[in-house]
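An overview of the molecular structure
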Amino acid sequence: MRSLSSLNSICIDGGCFVKYQDEVKNSMVKKLCVRASVAKSVPRNLEIKAQKSEKLRIGVLGASGYTGSEIIRLLASHPNYQITLMTADRKAGQSIGSVFPHLVRQDLPDMVAVKDADFSSVDAVFCCLPHGTTQEIIKGLPSSLKIVDLSADFRLQDVAEYEEWYGQPHRAQELQKEVVYGLTEICQLDIQNARLVANPGCYPTSIQLPLIPLIKANLIEVKNIIIDSKSGVSGAGRGAKEANLYTEIAEGIHSYGVTRHRHVPEIEQGLSEAAKSRVTVSFTPHLMPMSRGMQSTIYVEMARGASTEDLYQHLRHFYEKEEFVVLLEKNEVPHTRHVRGSNYCLINVFPDRIPGRAIIISVIDNLVKGASGQALQNLNLMMGIPETTGLLSVPLFP
């Protein structure tokens, strides 16, 4: 069990696969992560490519957005990867420093349009393109590439449900069958064997990490789950939108997507697979007048005979070998300011004043653990690299 102070003392486990030997945990999560008939065991002769002297070549599609720039920032200190390709259709021909001055000292190629990209120069791709544009692009990429997609285009395994929530037909239905959902701490083994990973959304990450283990253990009821989530404005993307103007967001709380936020089916998909029955949640997101950070406050009904202590101890045990999911000391409240710029998720459990109910608070940085950090964690696994590599930066505070 770790508290906030322990985040300043971090080490990497000497073995890449030591944490994956817990057979009980593996059996709990098998169904959630596999979207098709992918290999379910680690090949004995798995080649760890990062042991080669040359760095693995990385492409970043959509480098001019917030998640793209976060990928670039995180890769700047990664010992095994080198960015050799960046795309941004509207910024084609420009340097990354001209678009993001905080990256001006990075020695990187100029951005190009996707249609002009040479994918023979890369080993793996982070796809940071907008929803609805990714399916056809990924479908056209060489089959030899490892791909982590940060859009929502491959997260929903039911293509009809995708069309219902995103308003357009799925354009890569055959490819969808091989996709692995990339909730890293829940799906490590299947991510390891994947070619294409659908990186989870920010809200679903903050919600599923605490709830899936509790549902699997039958410690909470799957009815009457109420989720109140708040996000920094960067979660809405970098595109110019009236609703995201300073005067629209500052000095207030902006509720949006009430009952119809597009992360709802993703959340319910993961919880339903954990419960082996249909789960419907009450979920309301809010934009907060801050750049980054996300908090999900989750109200649950405990199973008969279960206590908040049972919930707390189960989560502590479930995540005790995980670097990035931290159960705080009892009564310590998670705050977004304590994960800023990091890949950590801080969680705690509190008794509700209503008997039989509990309150769970989960905080992440929406751009790191909620997007680019988890994407890098996933690619590390796919490439046979310890998943914490390049991600051990201490949170930025104050």
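Basis of the calculations
- Residues numbered from 1 in each chain as written.
- Predicted model: local features only at pLDDT ≥ 70, side-chain atom pairs only at ≥ 80, totals over all residues.
- Heavy atoms only, no water.
- Helix = DSSP H or I, 4+ residues; strand = E, 2+ residues; numbered from the N terminus.
- Buried < 20%, exposed > 50% of the residue type's maximum accessible area, 1.4 Å probe, protein only.
- Contact = heavy atoms within 4.5 Å.
- Salt bridge = Lys/Arg side-chain N within 4 Å of Asp/Glu carboxyl O.
- Pairing = 2+ DSSP bridges.
- Axes fitted to C-alpha atoms, helices over the stretch in contact; angles between N-to-C directions.

The next subject is the side chain of T87. When you line up the elements, T87 lands in strand β2 (residues 81-87). Residue T87 is classed as buried on the basis of its relative accessible area of 0%. When neighbours within four sequence positions are excluded, T87 is seen to be in contact with V60, L61, G62, A63, M111, V112, A113, V114 and A117.

Our focus in this paragraph is the pattern of salt bridges. For the coordinates displayed, the defined rule picks out 13 salt bridges. For R171, the salt bridge is made with E136, and the minimal N-O distance between the two is 3.7 Å. Remark: E136 occurs in helix α4 (residues 134-139) and R171 occurs in the loop between α5 (159-166) and α6 (173-176); sequence separation between them is 35 residues. Using a relative accessible area of 48% as the deciding quantity, one classes E136 as partly exposed. Residues K177 and E174 are paired through a salt bridge, measuring 3.1 Å at the closest nitrogen-oxygen approach. Judged by its relative accessible area of 47%, K177 is partly exposed. Classification of E174 as exposed rests on a relative accessible area of 59%. Each of E70, R73, R292 and D365 takes part in salt bridges that share partners, so that together they form one network.

Quick look at the sheet that holds strand β4 (residues 146-149) now. Pairing between the strands of a sheet is mediated by backbone hydrogen bonds and can be parallel or antiparallel. Strand order across the open sheet formed by six strands is β2-β1-β3-β4-β6-β5, with parallel pairing between neighbours. Strands with a single pairing partner mark the edges of an open sheet, and in this sheet they are β2 and β5 (180-181). Pairing of β5 with strand β6 (residues 196-198) involves two bridges; the strand directions are parallel. When the sheet's bridge partners are listed, Y181 is paired in β6 with A198. Here helix α12 (residues 368-382) sits on the sheet and contacts β1 (56-61), β2, β3 (124-127), β4 and β6; the angle it forms with β4, its principal contact strand, is near 160°.

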